[in-house]
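A closer look at the structure
Listed below are the residues making up each chain.
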Amino acid sequence: MTAAAEPASRPVSRLLPVVGSAWARRAAFVAFAAVIWFLPDLLLDGSSDIRLWAEFLCYATLAIGADIAWGYGGMLVLGQGVFFGIGAYCMAMYLSLANMPDGSELPSFMSLYSDFDTLPWLWRPFDNLAVTLFLAVVIPVAIASGLGLLVFTRRVRGPYFALLTQATALVFTLILIGNLPLTAGFNGLTDFTIVFGRNKYEDGTNLWLYRVAAGVLFAVLAGALILVRSRFGRLLVAVRDGEERVRFLGYNPAVIKTIGFATSAGIAGIAGAMAAPIIGIVAPNQFGIVPSILVVCWVAVGGRGTLWGAVLGALAVNWLRDTVSSARPDDWQYVQGGLFIVVLAFAPGGLVGIVRSVRTRIVAWRSTSASAPAGVES
């Protein structure tokens, strides 16, 4: 009788690093959701802290999309800010129309920067909230699908794809700045006093927005967990690890990567639409090259290819940024650079990788202790 084989190593895309059974994973998800949902009641003090953490939740949602593309699909996307910005601008256009004074036909900035007499056709669909939410997702998905099919069918990958997405972020920023009459240019869209029928400065509005952002994060995270455990999720990881092998088996890697890329873009659009009323201003400098690179850094710090790592990385890095910047405003850039260097050099698996390493050591120690002969110290 042969000895029992060693258990197969689990892939980097394992959903939860500390629990094995499906029920344990579900319980962990519920526990995470409860902590986030009741965080304002337990730890946060004042509406400004609640608003800040609502913003962090939007960034965590954005990081989930980036992790699907990079962690599971192997597509290093350095232009995720484009899709986040499209969703944010869609919602900002809706809020700008909702905040127009009675009797006015144009947002206030158009009266200053343009000679329009009536609302431009580009703005008219955003007079309806349902249409706005639909477009905030569909436009990023359509752009990502077209770009993905264009580059993946030509087998553009690796640093070339990363540079292409980075260039897309630069072009997007230049378009926003150059269309002052339509987008308010470098100043951006702001003055959202009324948010979904609520006064932004009323007590309870920030908490309400936090709850909405938390609900969006839970829904996106649950959907993403289901996606990466599905047949398509396994195909996406297979393309990441061996694209030519997947092609040999009869699948089209270009289509698989395009769907993954489009999915990440749609999630970014959702996050951007939610972030617009929370941040209160939507401007081009929020969605350029540097913000897009930071999204990848959040995923790297948390642990790519885990989803949970993307969420934890986004929350941890942004909380640390706020804490350090409040105490020592000039030092955050140094701390941020040092953090990323340490993670890449000593903990490439990120926070989740550290947890896995500790868990593996504990399991190995217990196995050694259990197998040691009686009376012999392990």
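In what follows, the structure referred to is the one given above.
Attention in this report is confined to the structure presented alongside it. (Residues numbered from 1 in each chain as written. Predicted model: local features only at pLDDT ≥ 70, side-chain atom pairs only at ≥ 80, totals over all residues. Heavy atoms only, no water.)

**Looking at the overall build of the protein chain**
To keep it simple, the criterion reads: Labels follow the DSSP assignment, with helices taken as runs of H or I lasting at least four residues and strands as runs of E lasting at least two, numbered in each case from the N terminus. Note on definitions: a residue-residue contact is assigned when non-hydrogen atoms from the two residues lie within 4.5 Å. Exposure was quantified through the Shrake-Rupley algorithm and a 1.4 Å probe, taking into account, for residues, occlusion by the shown protein chains and nothing else. A residue counts as positive if it is Lys or Arg and as negative if it is Asp or Glu; His and the chain ends are not included. We put the charge of a Lys on NZ, of an Arg on CZ, of an Asp on CG and of a Glu on CD.
The number of helices and strands found in the protein chain is 15 helices and 2 strands. Viewed in the frame of its principal axes, the protein chain has a C-alpha envelope of about 90 × 55 × 40 Å. Considering only intrachain contacts with a sequence separation of at least 6, the fraction spanning at least 24 residues in the protein chain is 79%. A total accessible area of about 19000 Å² is found for the protein chain, and carbon and sulfur atoms account for 65% of it. Taking the 26 positively charged and 21 negatively charged side chains of the protein chain as two groups, their mean positions are separated by 18 Å.

**A few points about unusual backbone geometry**
A negative phi angle is the norm for most residues apart from glycine, just as the trans form is the norm for most peptide bonds. Of note in this structure, Asp-191 is not a glycine but carries a positive phi near 65 degrees. Following the sequence through the fold, Asp-191 ends up in the loop between helix H7 (180–183) and strand S1 (194–195). The backbone of Leu-307 sits at a positive phi, close to 65 degrees, despite the residue not being glycine. Looking at where Leu-307 falls in the secondary structure, it is placed in the loop between helix H12 (289–302) and helix H13 (308–327).

**Observations concerning the nonpolar core**
We count it as follows: As used in this record, nonpolar core signifies buried Ala, Val, Leu, Ile, Met, Phe, Trp, Tyr and Cys residues forming a set joined through side-chain atoms within 4.5 Å. Buried means the residue's accessible area, taken with a 1.4 Å probe over protein chains only, is under 20% of the maximum for its type, while exposed means over 50%, and partly exposed covers the values in between.
One finds Ile-64, Leu-189, Leu-221, Phe-261 and Leu-307 to be the most contacted residues of the largest nonpolar core, which totals 110 residues. Not counting residues up to four positions away in its chain, the partners in contact with Ile-64 are Leu-217, Val-220, Leu-221, Ala-224, Ile-267, Leu-307, Ala-310 and Val-311.

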